[in-house]
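Analysis of the macromolecular model
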Amino acid sequence: MKQKIVSVVTMAFLALMLIGCAGTPKGESTGEYLDSAAITTKVKAELAIDDRTSALQIEVETFKDAVILSGFVDSEIEKMAAQEIAEGTDGVVSVKNSLVVK
């Protein structure tokens, strides 16, 4: 009897853990969060490498594979280059370009 109770409690605990890792419309699951972090890192690295963009001025956020670019840039060319780089990054589904030209 005691072993049955322990088994039921263990199963309930595991079920709650799995529910806690699930994504919601306003939140990401653990896997989605890690994927978003990886995409953000890739986009930032590409922005730093590209001569057309100043990575220090551009903020990159990713939520469920959608990238949001924000901050201030020096020209429309830099703004468009940043969008092009983000769109060309593996795993990116969409890009919202909220960069403002100074």
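So, here's what we can say about the structure.

Definitions and cut-offs
- Each chain carries its own residue numbering, running from 1 in the direction its sequence is written.
- Only residues with pLDDT of at least 70 get local features here, since the model is predicted, and only at 80 or more are side-chain atom pairs given and counted; chain-wide, interface and lining totals rely on the full set of residues.
- Side-chain numbers here rest on the full set of heavy atoms in the structure, without hydrogens or water.
- Secondary structure elements follow DSSP: runs of H or I of four or more residues count as helices, runs of E of two or more count as strands, with numbering from the N terminus.
- Here, nonpolar core refers to any group of buried Ala, Val, Leu, Ile, Met, Phe, Trp, Tyr and Cys residues whose side-chain atoms link them within 4.5 Å.
- For every residue, the accessible area obtained with a 1.4 Å probe (protein chains only) is divided by the maximum for its type, and the residue is called buried under 20%, exposed over 50%, and partly exposed between those limits.
- Should any heavy atoms of two residues lie within 4.5 Å, those residues are considered in contact.
- Simply put, an axis is a line fit to the C-alpha atoms, just over the touching stretch for a helix, and the angle between two N-to-C directions goes from 0 to 180 degrees.
- Angle categories are assigned with fixed cut-offs, so that under 35 degrees is roughly parallel, over 145 is roughly antiparallel, 65 to 115 is roughly perpendicular, and the rest are oblique.
- Crossing handedness is read from the near helix: turned anticlockwise from the far helix by less than a right angle, it gives a left-handed crossing, and turned clockwise, a right-handed one.
- Basically, the charged four are Asp, Glu, Lys and Arg, the nonpolar ten are Ala, Val, Leu, Ile, Met, Phe, Trp, Tyr, Cys and Pro, and anything else, Gly included, counts as polar.
- Any two strands with at least two DSSP-identified bridges between them are counted as paired.
- With the strands aimed away from the viewer, a crossover counts as right-handed if its path from the first strand over the helix to the second runs clockwise.

With respect to unusual backbone geometry
- Phi angles above zero are rare outside glycine, and Lys64 is one such case at about 50 degrees.
- Structurally, the position occupied by Lys64 is in the loop between strand S1 (58-63) and strand S2 (66-73).
- Of note, the phi angle at Asp65 is positive, near 70 degrees, even though the residue is not glycine.
- Positionally, Asp65 belongs in the loop between S1 and S2.

Describing the nonpolar core
- Val43, Leu47, Ile58, Val60, Val67 and Leu69 are the most contacted members of the largest nonpolar core, which totals 14 residues.
- Broken down by secondary-structure element, the contributors of at least two residues to this core are helix H2 (30-49), S1, S2, helix H3 (76-87) and strand S3 (94-101).
- When residues no more than four places from it in sequence are discounted, the contact partners of Val43 are Val60, Val67, Ile85, Ala86, Thr89 and Val92.

Remarks on the environment of Lys64
- For Lys64, a relative accessible area of 32% corresponds to the partly exposed category.
- Along the sequence, Lys64 and Val93 sit 29 residues apart, while their C-alpha atoms lie 8.5 Å from each other.

Focus on the packing of H2 against H3
- H3 packs onto H2 with a crossing angle of 135 degrees between their chain directions and a minimal axis gap of 9 Å. Here H2 is positioned oblique relative to H3, judged by the angle of their axes. Two packed elements cross with a definite hand, and for H2 against H3 that hand is right-handed. Along the contact surface, H2 presents Val43, Glu46 and Leu47, while H3 presents Ala82, Ile85 and Ala86.
- Looking at side-chain class alone, the contact of H2 with H3 contains five nonpolar, no polar and one charged residues.

Here's the deal with the pairing of S2
- Here six bridges tie S1 to S2, and the two strands are oriented antiparallel to one another. Paired with Thr62 across the strands is Val67, a residue of S2.
- Hairpin connection between S1 and S2: a loop of two residues separates the two successive antiparallel strands, and Lys64 in this loop has a positive phi of roughly 50 degrees.
- Summarising the sheet, S2 and S3 pair through eight bridges and their orientation is parallel. Each residue of the ladder has a partner; that of Val67, found in S3, is Val95.
- With H3 bridging S2 and the parallel S3, this β-α-β connection has right-handed handedness.

On their own, these measurements won't tell you what the molecule is for.
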